[in-house]
Amino acid sequence: MEDAQKKDDANEPKIIYKGVKVIPLIIGNETFERLGSLGSSANLLVYFTTVFNMDSITATTIVNVLNGSTNLATLPGAFLTDTFFGRFTILSIASIASFLGMFMLTLTAAVPGLHPPHCIEEHSTSCVGPTQWQYIFLLVTFALLVIGGGGVRPCNLAFGIDQFDPHDESSRRGIVSFFNWYYLSFTTALMIAVTVIVYVQSNVSWALGLGIPAGLMFLSCVLFFSGTKLYVKVKPVGSPYVTVVQVFVAAIKKRRLDLSQGVKFSVFDDVPGKSIFPKLPYTNQFRFLEKAAIITKEDELNEDGVPANQWELCSMQQVEQVKCLIRILPVWISGIIYFVFVVSLMQIYVVFQAQQIDRRVGGSKFEVPSASFVAVSMMAVTIFLPIYDRIVVPTLRRITKNDGGITVLQRIGFGMIISIPTLILSGVIEEKRRTSALELGHFVSPMSWMWLVPQMAIAGLSDAFAIVGLFEFYYKQVPDNMKSLGGSFFFCGMAMSSYLTSFIISLVHKATTGSVSGNWLPDDLNQGRLDYYYYAIAGLQMVNLVYFFACSRWYMYKGTDGQDIDGKLSETLMIG
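Draft legend 1. The overall build of the protein, seen in detail. On a plain count of helices and strands, the protein comes out with 17 helices and 4 strands. A total of 576 residues make up the protein; the buried ones form 53% of that total. Taking contacts inside the protein between residues at least 6 apart in sequence as the whole, the part at least 24 apart equals 83%. Surface accessibility of the protein: about 26,300 Å² in total, with carbon and sulfur atoms responsible for 65%.

Draft legend 2. Quick peek at empty space enclosed by the protein. For the structure shown, the criterion picks out 2 cavities of 30 Å³ or more. Within this model, the second largest cavity holds a volume of roughly 30 Å³. Residue lining of the second largest cavity: L280, P281, T283, E320, C324, R327, K558 and G559, and that is the complete set. Split by residue class, the lining of the second largest cavity holds 3 nonpolar, 2 polar and 3 charged.

Draft legend 3. Quick peek at the pattern of salt bridges. Using the criterion set out here, one finds 11 salt bridges in the structure. Across the pair K323 and E290 runs a salt bridge, and its minimum N-O distance is 2.7 Å. Pair noted here: K323 is in helix α11 (residues 316–355) and E290 is in the loop between β1 (263–264) and α11, with a separation of 33 residues, a long-range link. By the burial criterion, K323 is buried, and E290 matches it. Across the pair E430 and R433 runs a salt bridge, and its minimum N-O distance is 2.9 Å. Note that E430 and R433 are positioned in helix α13 (residues 408–440) at a spacing of 3 residues, about one turn of the helix. You can call R433 buried: its relative accessible area is 1%. The network of salt bridges with common partners includes R287, E290, E320 and K323.

Draft legend 4. The arrangement of the packing of aromatic side chains in detail. Considering all chains together, one arrives at 37 aromatic pairs under this definition. With 6.3 Å between their ring centres and 35 degrees between their planes, F88 and F159 make a pair best called tilted. Note that F88 is positioned in helix α6 (residues 87–110) and F159 in helix α7 (residues 132–162), a separation of 71 residues in sequence. Residues F88 and F159 agree in their burial class; the two are buried. For the ring pair Y338 and F341, a centre distance of 5.6 Å and an interplane angle of 50 degrees mean the geometry is tilted. Remark: F341 and Y338 occur in helix α11; sequence separation between them is 3 residues, near one turn of the helix. Accessibility assignment for this pair places Y338 and F341 in one class, buried. An aromatic cluster of at least three residues, connected via ring pairs, comprises Y338, F339, F341, F471, Y475, F490 and F491. Positioned over the ring face of F88 is K233, at 4.4 Å from the centre of the ring.

Quick notes on the rules
Residues numbered from 1 in each chain as written. Predicted model: local features only at pLDDT ≥ 70, side-chain atom pairs only at ≥ 80, totals over all residues. Heavy atoms only, no water. Helix = DSSP H or I, 4+ residues; strand = E, 2+ residues; numbered from the N terminus. Buried < 20%, exposed > 50% of the residue type's maximum accessible area, 1.4 Å probe, protein only. Contact = heavy atoms within 4.5 Å. Areas by Shrake-Rupley, 256 points an atom, 1.4 Å probe, with all protein chains shown as cover. 1 Å grid on protein atoms, 1.4 Å probe; cavity = no way out; pocket = protein on both sides within 12 Å on 5 of 7 lines; lining within 4 Å. Points joined across faces, edges and corners; volume = space filled by probe spheres on them. Nonpolar A, V, L, I, M, F, W, Y, C, P; charged D, E, K, R; others polar. Salt bridge = Lys/Arg side-chain N within 4 Å of Asp/Glu carboxyl O. Phe/Tyr/Trp six-rings, centres within 6.5 Å; stacked < 30°, edge-to-face > 60°. Lys NZ or Arg CZ within 6 Å of the ring centre and 35° of its normal.

In structure tokens form, the structure reads like this:
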């Protein structure tokens, strides 16, 4: 059987990793896809209230459901990818679905019959709302966008990593650069989306403003498919998620086995001969799960060496894969709390601050759109990441001998540290803005919009460390046969953070209404204390930082600090 296995392995075509040669195609595809998706979604709230004549509550609900559904769709997207279809196939289907969804959204603006008649009197109660068929057309559009986002988001980064040889040192360094350039493409796309495309939509034409993202998505598809013959296409190896459940079930069934006594026993540690994934070393954590790999008298193996009942006997590789996922969870929770800072400052309240500050440029009539201030953070990232990748990392690499210059958890930690002074600075600036507005009795403060630039720029530096670090952490630390799950970890973390931020805002609103200090978060920020809210979130981030440090000291990186299962493991696992 071994001779046959060697013969099969010899007949297997050698994998040729193109690495950096195909990365421009993947990064280009990602940039255009992001431009398309962000360009379509960044201004949807305004689109629904002005073109579809929806009230603000309905429009906000639809946008929140769309964003949440797209982020949560990454879970089934990752499952289908790793279990049945592989990343290339899912990316192909998802890219086409995204283009069709954006094209249909463009039609809702370009074709008069697909949206309500224009309402001449703004905010009038007599405006005609969308018909049932117009709602149905929107629903189909959103379904395609959700399918597209649910497939592209968890797969694109993992597909890029597939193009590098995991056993080659230069390829491993290439992966570090790939993470930086990947996030740079994201920030560049977001910056253009919230400035140029939003301006076209609001001031030129909605049909043109939505048509541009659709056209960019078409270019993304063309760029992606042009490298079809060059890509490394990793085939799915069965359901890794069923494997996780099997390990827990088998461990529970064998829970009465005692690992502490002195009788040696055998463990099942089969690794498929054709597997391209590196073998995970043994780690001395969560030892209860190791009972799933103990071979007892009742366990039987088929002729090909596979357990007859995989719900009673699992391999140690399966056990170590589950251990990897469990180790990630505490860091994932910390990431959710960090994102509260991102959502609160960069996605919500900086917009409200901008609406009550002087946004005129140089005394002219032109005003910076309030939704465009996030571009300051993106610009900071765009400037910083190339410097970090080309200067800082090589310098640190020579000192630390680490491929990334510093460890990925250290990078995340730096970002979390930066978030705390950023929130404190934001609170100080808000207090100054509020005071200046109240002194004059005006709704809009006479302070220049430039006062908001420092807090947003520093927030961008925090993102450059923490968010890029979290991207890299999830993709590198999940088991190699579950890479798409790494993307799901990130996007589901963002979704959970959005829900958590909404809960915190609601809690603060209810707790401070009627208090001595008054409601912190009213519609008119001049009558509230947004600065107190910023300070409270800074306190939350301090607690989260301590928790993250504890997780980092405990964390064991995948593939390190372990020993070969064939050696030490057999000497340490005992039963009575």
